[in-house]
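# Structural description and commentary
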Amino acid sequence: QVQLVESGGGLVQAGGSLRLSCAASGRTVRMYTVGWFRQAPGKEREFVAGSSWSGGDRYYTDSVKGRFTISRDNAENTVYLQMNSLKPEDTAAYYCAAAPSRVISIVASEYDYWGQGTQVTVSS
């Protein structure tokens, strides 16, 4: 019922910023919880940030707290991940995911829909 497409990745120097976008299809996306995950080569996919369907509840993994901000524009069916003070350890493929839930989950298997991913590379 939902299709997700990420964009906004690229190459950036350490300390720089990027904003990722996740465009979602379907009018019902407003009721979905959305999460951002990332996966670096040789590592497991990890939760980065999540937003409840209303946008009123947000949660971040410890490594990005204070640097990343998740937001959503329901009128445009778009979710954003603003990434500031980027570090080389942030280098990964970033994915947005959606679940038909009102609560945030950090477990990847609980998300039903996934985007194709966008690469973020941070140079030192």
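Scroll up a little and you will see the structure.
My aim in this report is to walk through the structure given alongside it, one point at a time. In this text, all values refer to a predicted model and were calculated from it rather than measured experimentally. (Residues numbered from 1 in each chain as written. Predicted model: local features only at pLDDT ≥ 70, side-chain atom pairs only at ≥ 80, totals over all residues. Heavy atoms only, no water.)

Before going further, it helps to examine the nonpolar core. Ranked by internal contacts, the top residues of the largest apolar core, which has 28 residues, are Leu4, Trp36, Val48, Phe68, Leu81, Met83 and Tyr94. Mapped by element, the contributors of at least two residues to this core are strand E3 (18-24), strand E4 (33-39), strand E5 (46-51), strand E7 (68-73), strand E8 (78-83), strand E9 (92-99) and strand E11 (118-123). Core analysis: the second largest hydrophobic core is formed by six residues, Phe37, Ala97, Ile104 and Tyr111 among them. (Core = buried A, V, L, I, M, F, W, Y, C linked by side-chain atoms within 4.5 Å. Buried < 20%, exposed > 50% of the residue type's maximum accessible area, 1.4 Å probe, protein only. Helix = DSSP H or I, 4+ residues; strand = E, 2+ residues; numbered from the N terminus.)

The description of an aromatic ring pair rests on the distance of the ring centres and on the angle between the ring planes. Taken as a whole, this structure holds six aromatic pairs when the rule is applied. Each ring, one from Phe37 and one from Tyr111, has its centre 5.2 Å from the other, and the planes form 80°; the classification is edge-to-face. Taken as a pair, Phe37 in strand E4 and Tyr111 in the loop between E9 and strand E10 (113-114) lie far apart in primary sequence, 74 residues in all. For Phe37, a relative accessible area of 1% corresponds to the buried category. For Tyr111, a relative accessible area of 4% translates into the label buried. Taken together, Phe37, Phe47, Tyr59, Tyr111 and Trp114 form an aromatic cluster joined through their ring pairs. Over the ring of Tyr80 we find Arg19; its NZ or CZ atom is 4.2 Å from the centre of that ring. (Phe/Tyr/Trp six-rings, centres within 6.5 Å; stacked < 30°, edge-to-face > 60°. Lys NZ or Arg CZ within 6 Å of the ring centre and 35° of its normal.)

Considering all chains together, one arrives at one disulfide under this definition. A sulfur-sulfur distance of 2.1 Å marks the disulfide that ties Cys22 to Cys96. Where Cys22 bonds to Cys96 through sulfur, the torsion about that S-S bond is close to 65°, and the disulfide is right-handed. A residue pair is termed long-range when its members are at least 10 positions apart, and Cys22 in strand E3 and Cys96 in strand E9 qualify at 74 residues. (Disulfide = S-S within 2.5 Å.)

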